[in-house]
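# Analysis of the macromolecular model
Residues per chain are reported as follows:
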Amino acid sequence: MISVTIDEQISFGKEEHGAVLSLSMDELRELAHHIEDCIDRFLYHVTRDKQASLLRRTVRSPKTLLFRQRLAAEVQLLKKIPEEAHQREKRYRVFAGLSSLTRHAESSSCSSGSDPHTLKADIVGIDGPTDELVQQLQEESEGLTKQLKVISIVGIHGSGKTVLAREVYESDVGRQFSLRAWVSATGKGPKEVLMEILRKFGRPVVDESNVDQLTVDLREYLGEKRYLIVMDDMQTDQWSTIEAAFPEDNAVKSRVMVTTTIQSVANACSFSNGYVHKMTRLGDKHSEQLFIKKACPTQYLGYTRPPKEVLKKCDGQPLALVTMGQFLRKNGWPTGPNCEDVCTHLSRHLEQDETLERMRRVIIHSFSSLPGHGPKACLLYFSMFPFDRPIRRKSLMRRWLAEGFVETQLSSSENFNTLIDRNIIEPIIIRNNDQVKTCKTYGMMHEFILLMSTSQDFITLLSGNKVERKYVRRLSLHHNSATSGSSLGIDLSLVRSLMVFGEAGKAILNFQMYQLLRVLDLEQCTDMEDDHLKDICNLLLLKYLSLGETITSLPKEIEKLKLLETLDLRRTKVKMLPIEVLMLPCLLHLFGKFQLSDKVKKTSDVQKFFLTEQSNLETLAGFVTDGCQGFPQIMSYMMNLRKLKIWLEMSERSTNFNDLVNAIQKYIHDDKETCNDSRSLSLHFDDGTENILNFLKAPSYLRSLKLKGKLLELPQFVTSMRGLRELCLSSTKLTTGLLVALTNLKDLQHLKLIADELEDFIIEAQAFPGLVHLSFVLQRATLPTIEGGALLYLISLKLICKDLVGLADIKINHLICLQEVSLDPRVTPETREAWEKAAKKHPNRPKVLLVDPADESESEPADGSVASTPTVSEAMETSSTSEVAVQGGDIQMLVNQGLSTAPEKKKNCAVQPSSKDELNSAFRNIGLSEVALGLPELSVAQNGMVSSYTGPSRKIYRPCTKFEYRPY
């Protein structure tokens, strides 16, 4: 597995066995790449031949025969390599000690890097969190039961969790507990943790005791005693196993504190009568303060400010700031001659420098602890994007699918959730329904995955017009890295993924040189032209295509992209969509704002395609119609649609919208026996077009509905809709009648109301029985009155209005489940202080968040666009996130969970040459059987990385032959 190679090469690359293993894995990876190249070139030719006419196939037949002969020779050569390596291994037994070395690497890297003995002088920016957690140790207010409380501290490795826990543990309040114990849970199971706690209390422990016996012993000993126990670095859900060891009702306010990097572990520990504290990055002021403490000699204090690039790469992570400060001090900062070059070569220093060893160990552990091959490959893909740029979650997951890292949309969602859960990637914008909208990697983690990706030939960054490798598989161009030369010295025919940020240059945009591209992202390419699209349409293996604002039209030749799954035109100026796009057999997701020409000829091919339900389109977001274009008629035959977005516009030709009404009615129709999918509908109205809502009838079903226009009343079909969980209404004014009608929606969980103002409205007792998220985005602070007994299960309340004054008569004590309140960052300090004070008096002590109003808009940000930041004062020490929480004057970011999973990817594409049966059949046609392929032991993922190899002795074999492949 390649992911193990990464760990081993860094952990013990200096040892003899490690050097041999590194060489072997490099060659094995090269073998895997060549196997993938061989297969993909074959698939390319098969796809091209299928689309060619009989005459063209006849003309090409000599070349086709020559290609297949060469392919057969390559396959035979690839077959011999592992066989020869296996025989050589039998003779020399090079890897006899591999398994023990692997275990040593894993054990040596399992430390989290936490240092509970950090000097007091080195601690900055934790006074607020310390005070907050100390208050959690005490009984907070009258009326609360004196039960056990579990306090979880969660954050990425190196964020200061252990330091914060130690400060709370050693505080005056922490020392008041009659029994105290601090144990490390790193690499330990429930049995070892319980044994360690008992030893800390001086109790005899028998090694043969099982978990049940240890649980009984500890519970009996704790009894009615008041105790404080800290379990540091818990990496699995051990709490469900050991929970019974801690009496919950001993009425003496006992406390358990857990530190962990995994959000789900923290949630499990603090599920009942608990508190979860999310670690945040240090703000600019505290980051600079900590860095100077470690980097700058006393005599040079005030000499200069820390390099901005260094602070940016440290990204507010305490461990990164400390280690980078020590590293720069060793190199003579602030007067040393080479200090300015550190950031340029930071990844090289991170790999080799001893001063950065602790940082390196922590990052390696975070990476190697990811479960399986999939999450590691998905994480490495983040290195394709510039650092500190937001990435759309759904767009990212579609790329993973196109690359072959995952096989289904469900597994793609699971891998993303794993990275979020382990705090390896950071949410930037979180939707009202708790789904992450955009995200990014942390600074040092980005440097690490960039190092790993480039060293493992996973990606290539084009910078300074220099590329070290001739064969490139994934190419990313960042700003100021374009080349105007006619040749790059690399073979573009093997590139699988191309991403451009800025100017690309003629050489890169020569799409005749590409052949095997699967992912092409040109959203932010500034020198792309319409003329380039003709050659792009010959990239027959392309699965993901996104274009930028320089594109104005699509050619009809796009019909040749039979394998295309995602087409993103949101940033383009394309207004008219060719019908050929809708007839792509594998297209699943189509984004933009376009019309379908009413001049489209309903040829027999078009009619046959839609009448036989060949369309696999799941996302159509979206199209513009005045009732005359052909979209409504065609939409009725898109049986797999799950997300639909429509703009309705009045024109001189508009007479009625009957076809559109019928199409929407068919889309939302409720068949209670089969409807349980994630269907969503978004309608944007011109004045006068909103009347079509009155013609939609029950029974209807949707999971999500967004209506934007002049809304005077709630449509009847909405009030009776089944399964509606998410509703967003946007209008100049929302009337009292409409708002009252909303309170009866039993299934509604997420409600967002966007308006200039609301009419008078009282949320009465028992209203909104299932609502958990409520958001108001208003120009004027006309908020409703909330009575006691209403919104019983509300968790999140967003009040996005810059003119909000004080609490606006909202009594949050009535909201017994409230966990967070979000405010516009432009509200006055007095208003912010009033909400903080009210939050402290609430039994749950909900977080008070500052949310950028732009993040509450319904628009889709582009990948790589600059992340928005909250407008808050420097004194409040914000991090560069769009959502921050204020607790006791400190800013904290909220990371929400509960990500929904995407539906399974459809498998009934008309052209799917990668299927095993067709592939085997095609190989037989050129004289090769499945056995003749000769590589049954080597498992190669579709991304070209070796996922497993189960040879005769289950060892890794070293290929001895170098290859020089050329496309035919």
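Residues numbered from 1 in each chain as written. Predicted model: local features only at pLDDT ≥ 70, side-chain atom pairs only at ≥ 80, totals over all residues. Heavy atoms only, no water.

The protein chain goes by NB-ARC domain-containing protein in an unreviewed UniProt entry, where it is assigned to Urochloa decumbens.

Our focus in this paragraph is the overall build of the protein chain. On a plain count of helices and strands, the protein chain comes out with 29 helices and 32 strands. Taken across its 968 residues, the protein chain has 58% of its residues classed as buried. Counting contacts in the protein chain only where the partners sit at least 6 residues apart, residues at least 24 apart contribute 64% of the total. Carbon together with sulfur atoms contributes 49% to the accessible area of the protein chain, which is approximately 40300 Å² in total. (Helix = DSSP H or I, 4+ residues; strand = E, 2+ residues; numbered from the N terminus. Buried < 20%, exposed > 50% of the residue type's maximum accessible area, 1.4 Å probe, protein only. Contact = heavy atoms within 4.5 Å. Areas by Shrake-Rupley, 256 points an atom, 1.4 Å probe, with all protein chains shown as cover.)

In space, the 5 strands of this open sheet follow the order S2-S3-S4-S1-S5, with parallel pairing throughout. Looking at which strands have only one partner, the edges of the open sheet turn out to be strand S2 (179-184) and strand S5 (274-278). Neighbour-to-neighbour, the strand axes of this sheet turn through a mean angle of 10°, independent of strand direction. Here 6 bridges tie strand S1 (residues 149-154) to strand S4 (residues 255-260), and the two strands are oriented parallel to one another. Along S4, the bridge assignment pairs valine 154 with threonine 260. (Pairing = 2+ DSSP bridges. Axes fitted to C-alpha atoms, helices over the stretch in contact; angles between N-to-C directions.)

Put simply, the protein chain has an average pLDDT of 77, and 74% of its residues get 70 or more. Within the model, the stretch residues 94-114 combines pLDDT values under 50 with 38 contacts to residues more than four positions away or in other chains. (pLDDT = per-residue confidence, 0-100.)

It is worth spelling out the sheet that holds strand S6 (residues 391-392) at this point. Read across the sheet, 3 strands follow the order S6-S8-S7 without closing on themselves; strand pairing throughout is antiparallel. Each of the sheet's edge strands pairs with one partner strand only, and the pair in question is S6 and strand S7 (425-430). Looking at chain direction, S7 and strand S8 (residues 436-441) are connected through 5 bridges and run antiparallel. Of the residues in S8, the one forming a bridge with isoleucine 429 is threonine 438.

Sheet faces and side chains relate simply in a regular strand, where the side chains alternate between the two faces. Most of strand S21 (residues 726-734) sits out of view: 7 of its 9 residues are buried. Relative to S21, strand S20 (residues 704-708) runs parallel, the two sharing 5 bridges. The residue bridging lysine 706 from the neighbouring strand is cysteine 728, located in S21. With 8 bridges joining them, S21 and strand S22 (residues 750-758) adopt parallel strand pairing. Note on S22: the bridge partner recorded for glutamate 726 is histidine 750. Crossover handedness for the path S21 to helix H26 (residues 736-742) to S22: right-handed. (Right-handed = clockwise from strand over helix to strand, strands pointing away.)

Time to look at helix H18 (residues 409-421). Under the 1.5 Å per step criterion, the end-to-end length of H18 is 18 Å for 13 residues, consistent within 8% with the ideal 18 Å. The element H18 is largely enclosed, with a buried count of 10 among its 13 residues. Among the residues of H18, those classed as buried are Gln409, Ser411, Ser412, Ser413, Asn415, Phe416, Thr418, Leu419, Ile420 and Asp421. After H18 finishes, the residue asparagine 423 shows a positive phi value of roughly 60°. (Expected span 1.5 Å × (residues − 1).)

Judged by nonpolar contacts, the single largest core of 121 residues is most densely connected at Leu582 and Leu742. Among the elements that line this core, the one with the most residues is helix H24 (residues 658-668), at 6 residues. Discounting chain neighbours no more than four positions away, the residues touching leucine 582 are Leu577, Leu590, Leu596, Phe609, Phe610, Leu617, Phe631, Ile634 and Met638. Core analysis: the second largest hydrophobic core is formed by 64 residues, Leu290, Leu350, Cys378 and Met384 among them. (Core = buried A, V, L, I, M, F, W, Y, C linked by side-chain atoms within 4.5 Å.)

Compared with the 16 Å implied by 1.5 Å per residue over 12 residues, the 16 Å span of helix H15 (residues 357-368) between its first and last C-alpha is a close match. Where H15 is concerned, the buried positions are Met359, Arg360, Val362, Ile363, Ile364, His365, Ser366 and Phe367.

Before going further, it helps to examine the packing of aromatic side chains. The full count for this structure, using the stated rule, is 13 aromatic pairs. Centre to centre, the rings of tyrosine 227 and phenylalanine 246 are 6.3 Å apart; their planes meet at 40°, and the pair counts as tilted. You can see tyrosine 227 sitting in strand S3 (residues 227-232) and its partner phenylalanine 246 sitting in the loop between helix H9 (239-242) and S4, a full 19 residues away along the chain. We note that tyrosine 227, like phenylalanine 246, is buried. Considering the side-chain rings of tyrosine 381 and phenylalanine 385, the 6.4 Å spacing of their centres and the 75° angle between planes classify their relative orientation as edge-to-face. Classification of phenylalanine 385 by relative accessible area gives buried; the value is 1%. Members of the aromatic cluster, each reached through a chain of ring pairs, are Tyr381, Phe385, Phe405, Phe458 and Phe501. For lysine 225, the ring lying beneath its charged end belongs to tyrosine 221, and the centroid distance is 4.6 Å. (Phe/Tyr/Trp six-rings, centres within 6.5 Å; stacked < 30°, edge-to-face > 60°. Lys NZ or Arg CZ within 6 Å of the ring centre and 35° of its normal.)

Turning to the pattern of salt bridges, a few remarks are in order. For the structure shown, the criterion picks out 29 salt bridges. Of the charged contacts in the structure, one is a salt bridge between arginine 392 and aspartate 568, with a shortest N-O distance of 2.9 Å. Taken together, the residues arginine 392 in strand S6 and aspartate 568 in strand S14 (residues 566-568) connect sequence positions 176 residues apart. Residue class for arginine 392 comes out buried when judged on its relative accessible area of 5%. (Salt bridge = Lys/Arg side-chain N within 4 Å of Asp/Glu carboxyl O.)

A word on the side chain of threonine 259. With respect to the helices and strands, threonine 259 occurs in strand S4. Side-chain polar atoms of threonine 259 contact the side chain of aspartate 232, separated by 2.4 Å. Polar contacts involving the side chain of threonine 259 include one to the main-chain amide nitrogen of aspartate 233, which spans 2.7 Å. Apart from the residues within four sequence positions on either side, threonine 259 is in contact with Ile153, Lys161, Ala165, Met231, Asp232, Asp233 and Met234. (Polar contact = N/O pair within 3.5 Å; in protein donor to acceptor, adjacent residues only side chain to side chain.)

Positionally, leucine 758 belongs in strand S22. For the pair leucine 758 and phenylalanine 776, spaced 18 residues apart in the sequence, the C-alpha separation amounts to 9.5 Å. When neighbours within four sequence positions are excluded, leucine 758 is seen to be in contact with Leu734, Leu739, Phe776, Leu778, Thr782 and Pro784.

Attention now moves to the pairing of strand S11 (residues 497-502). Buried residues dominate S11, accounting for 6 of its 6 residues. In this sheet, strand S12 (residues 519-525) lies alongside S11 in parallel orientation, the contact comprising 5 bridges. Its bridge partner being in S12, glycine 502 is matched across the sheet by cysteine 525.

What follows concerns the environment of tyrosine 221. Assignment of secondary structure puts tyrosine 221 in helix H8 (residues 211-222). What makes tyrosine 221 buried here is its relative accessible area of 18%. Along the sequence, tyrosine 221 and leucine 198 sit 23 residues apart, while their C-alpha atoms lie 8.9 Å from each other. Setting aside residues up to four positions removed in sequence, tyrosine 221 forms contacts with Leu179, Phe201 and Arg203.

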